[in-house]
Every structure is written in structure tokens, then in C-alpha cells.
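A structural walkthrough
These are the residues of each chain, in order.
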Amino acid sequence: MARRANWKGFLRLSLVTCPVALYPATSESEKISFNQLNRQTGYRIKYLKVDAETGDEVPNEDIVKGYELDKGQYIEVSKEELEEIALESTRAIEIDQFVDRADIDPRSLIRPYYLRPDGKVGNDAFAVIRETIREMDKVAIGRVVLTNREHIIALESMDKGLVGTLLRYPYEVRSEQEYFEDIQDVKLTKDMLDLAGHIVNQKAGRFEPEKFEDHYETALIDLINQKRAGKPITPKEKPAATNVVDLMEALRRSVGKETAPAKAAKPSNKPRKATSGQKEMLMPIAGKKPKEAAKKPATRPQRKSA
């Protein structure tokens, strides 16, 4: 496969074992990102690792980890010492139990990964584990070590593979009471709830994430394209705020808004959102192919002010 695995090891269900590889299921690389520049020269800002006392740059081989006991007092921990306490889950995902999906607190979810067999050996064992999870309609809970930390991982079947979602430990989830306990109790009338329920029914549907557009990302692309084309940047007018004080009136207006027929959409000259990546919408540099546009220029960059 072209993608590089984040982790390789074994998936175990009791005595059933197979080699597997873990791949990120999501990516942030297609989003627009910025570098920090020196306003005076136009060159990139470089970050150095320096000694906080002497100000001297420190090479990587001289940098060690340290736990701060007190202000300015540290306990140094070497790479070798950390390797000594490495857990078995650095090399294997041991399935400890099977649970219902509803048992997992949504606040515990961190990020998803794809899990697939690593090579041809062990495909049968992988299929047994995958189909057992699918047939039982359960989530398999195990442990895995990524970036030197042990995580809980929840495994679910997907197509011919598995999706593994990293979970937070209970001590990482803040208590809701800290934020909710001082919220005032409010008595709502049946009319209010009926109107609100009517709005919900009008908006009810099946979640289709492909229908949602990242408006800020699209605005960034438009901004960059305008600056590359040398067009002036003019601020857009902000919509006027509606001031509805009465809650019942706001609900009634909302119901009227949802039941009103939708206006015909105006044709747009903007390019459609690229399915394989937002950055494909950026204007190519004149005289170059689109893929070459992102290459670093050999000469000092020419800056344009907004």
C-alpha cells in the first residue's frame, strides 16, 4: 500500500492471533495552512531549541526528557529507561472485552484508525475476528501503544477491515457538574415545546456529511486566489442582527421560516468543491502545471499586500 502505517503488531482474541497494521482514518493535510513570515524580509520564521538560561542552541542528541518536581527542579528520564517500561501492548492489541456501542461515552472518543491485515499471513484469523465483531454487533475493546502512550482502542467492523477508535481514560474527561450545576431551572410551556418540536420535524433527515461545506476553508481559498490574481480585498458587509426578545415570537417566526418555500438557488461562478482535496481549488501559477504550483521558488518570494 502507498500509505505508511502508524503502527504494526498483532491483533489477539484469546489464542487467535494475526499480524495487523494501523493507518490514520482522517487527514488534516488538505486544509489550508500558513507559515509565519518576517514582515520585513518575507522569509519564514525558524524555531530553534535553545537553553532557557544560556540562550545557546541545543542539538537533538543532548536533549532528554524531564519531569518538573518543583520550579526549576527536574527528574531526568532517558530513552533507555522509557524502553525498559514498554508495555506488551506496544506490539499487540489484546482484545479484553466486548461491549455495546451505546456503553461508550461520546466524550471519550479521540480519533479513528483503519486496521487491516499486515501481509497475506493471518488473513483467516483477521476475518474470524472481524466477522465475530460484526455478527455479535459488538465493539471490541483493547489496548494499543501509540507515541509512547497506552490508549484504549474500540474496534468495529467496516467493510473488509476494522475501524479502531482511540478512547480517553476516565481521568481525562471533565465532570459536567463543573459547568452545568449553576444553570437555572426553567419551566417551559407545552406550546413552546410543541413549536420547537415542529421545527425539529421540519429539519429531520438522514445525516449526510458530504452535503456540508467547510465555508471557512472555501473563504480562505477565495482570499488566496484573489491575492494571487492581484485583486483588491474588500471587507464583506456583516448581516444585521435580528433582535427578537420574546421566546414564543421567536419560535413562531422560526416555524414560519422553515415552512416557507425555498427560493431558487442563484447560479454560482465559484468552482465546485474538489472531492479529493480542497487545495486543488487553488489557482495554478501562470506557466506551470497545477501540481507544480506548490513548489518552493528558487528566488526570494515577492510579497503582495492586501
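Residues numbered from 1 in each chain as written. Predicted model: local features only at pLDDT ≥ 70, side-chain atom pairs only at ≥ 80, totals over all residues. Heavy atoms only, no water.

Attention shifts here to the confidence of the model for the protein chain. Of the residues in the protein chain, 81% have a pLDDT of 70 or more, and the chain-wide mean is 84. Counted against residues more than four places away or in other chains, residues 270-275, with its pLDDT under 50, gives ten contacts. (pLDDT = per-residue confidence, 0-100. Contact = heavy atoms within 4.5 Å.)

Another aspect to go through is the environment of Arg 116. On the secondary structure map, Arg 116 appears in strand 6 (residues 109-117). On the accessibility criterion, Arg 116 (35% relative accessible area) is partly exposed. Counting along the chain gives 47 residues from Arg 116 to Val 163, while the straight-line C-alpha distance between them is 8.9 Å. (Helix = DSSP H or I, 4+ residues; strand = E, 2+ residues; numbered from the N terminus. Buried < 20%, exposed > 50% of the residue type's maximum accessible area, 1.4 Å probe, protein only.)

Reading around the barrel, the seven strands line up as 1-2-6-9-8-7-5 and close back on themselves, with mixed pairing between neighbours. Strand-to-strand twist of the sheet, defined as the mean angle between neighbouring strand axes without regard to direction, takes the value 40°. When strand 7 (residues 139-146) meets strand 8 (residues 149-158), the two strands line up antiparallel, connected through seven bridges. Across the sheet, residue Gly 142 finds its bridge partner in strand 8, namely Ile 153. Contacting strand 1 (7-13), strand 2 (16-24), strand 5 (92-99), strand 6, strand 7, strand 8 and strand 9 (161-167), helix 2 (residues 123-136) runs over the sheet at an angle of about 75° to strand 2. (Pairing = 2+ DSSP bridges. Axes fitted to C-alpha atoms, helices over the stretch in contact; angles between N-to-C directions.)

Once that is clear, we can look at the pattern of salt bridges. For the structure on display, the rule yields 14 salt bridges. Notably, a salt bridge pairs Arg 143 with Asp 96, separated by 2.9 Å at the nearest N-O pair. A residue pair is termed long-range when its members are at least 10 positions apart, and Arg 143 in strand 7 and Asp 96 in strand 5 qualify at 47 residues. Asp 96 gets classed as partly exposed once you look at its relative accessible area, which sits at 45%. Linking Glu 131 and Arg 134 is a salt bridge whose minimum nitrogen-to-oxygen distance equals 3.2 Å. With Glu 131 and Arg 134 both in helix 2, this residue pair falls three residues apart, about one helical turn. Linked through salt bridges whose partners overlap, the residues forming this network are Asp 96, Arg 143 and Glu 150. (Salt bridge = Lys/Arg side-chain N within 4 Å of Asp/Glu carboxyl O.)

On the surface, a cluster of negative charge is contributed by Glu 80, Glu 81, Glu 83 and Glu 84. With respect to the helices and strands, Glu 80 occurs in helix 1 (residues 79-84). Judged by its relative accessible area of 51%, Glu 80 is exposed. (Patch = residues over 30% accessible without salt bridge, like charges linked within 9 Å, V, L, I, M, F, W, Y side chains within 5 Å. Areas by Shrake-Rupley, 256 points an atom, 1.4 Å probe, with all protein chains shown as cover. Lys, Arg positive; Asp, Glu negative; His and termini not counted. Charge placed at Lys NZ, Arg CZ, Asp CG, Glu CD.)

What follows deals with the packing of aromatic side chains. Following the criterion strictly, the structure yields two aromatic pairs and no others. Ring centres of Tyr 169 and Tyr 171 lie 5.9 Å apart, and the angle between their planes is 10°; this geometry places the pair in the stacked category. Taking the relative accessible area as the measure of exposure, Tyr 169 reaches 21% and is therefore partly exposed. Tyr 171 sits in the exposed class, given a relative accessible area of 67%. (Phe/Tyr/Trp six-rings, centres within 6.5 Å; stacked < 30°, edge-to-face > 60°.)

Another point: the side chain of Arg 130. You can see Arg 130 is positioned in helix 2. Setting aside residues no more than four positions away along its own chain, Arg 130 makes contact with Ser 157, Asp 159, Lys 160, Gly 161 and Leu 162.

Moving on, we get to helix 5 (residues 215-228). Taking 1.5 Å of rise per residue, the 14 residues of helix 5 would be expected to cover 20 Å, and the 20 Å separating its terminal C-alpha atoms lies within 8% of that figure. Burial in helix 5 covers these residues: Glu 217, Thr 218, Leu 220, Ile 221, Asp 222 and Asn 225. Gly 230 lies just past helix 5 and shows a positive phi near 75°. (Expected span 1.5 Å × (residues − 1).)

Further remarks concern the nonpolar core. With 21 residues, the main nonpolar core has Leu 11, Ile 93, Leu 115 and Leu 155 as its most contacted residues. At the level of secondary structure, the elements contributing two or more residues to this core comprise strand 1, strand 2, strand 5, strand 6, helix 2, strand 7, strand 8 and strand 9. Among the elements that make up this core, the one with the highest residue count is helix 2 (four residues). Grouped together as the second largest cluster of nonpolar side chains are seven residues, Ile 141, Ile 152, Ala 154 and Leu 167 included. (Core = buried A, V, L, I, M, F, W, Y, C linked by side-chain atoms within 4.5 Å.)

This part covers helix 2. Between its first and last C-alpha atoms helix 2 spans 20 Å; for 14 residues at 1.5 Å apiece the expected length is 20 Å, and the two agree. Every buried residue belonging to helix 2 is among Ala 125, Phe 126, Ile 129, Arg 130 and Ile 133, and all of these are buried. For helix 2, the angular spread of buried residues about the axis comes to 130°, placing them on one side. Facing away from the buried side of helix 2, by more than 90 degrees, are the exposed residues Asp 124 and Glu 135. Directly beyond the C-terminal end of helix 2, a positive phi value near 55° is found at Asp 137. (Arc of directions from axis to C-beta.)

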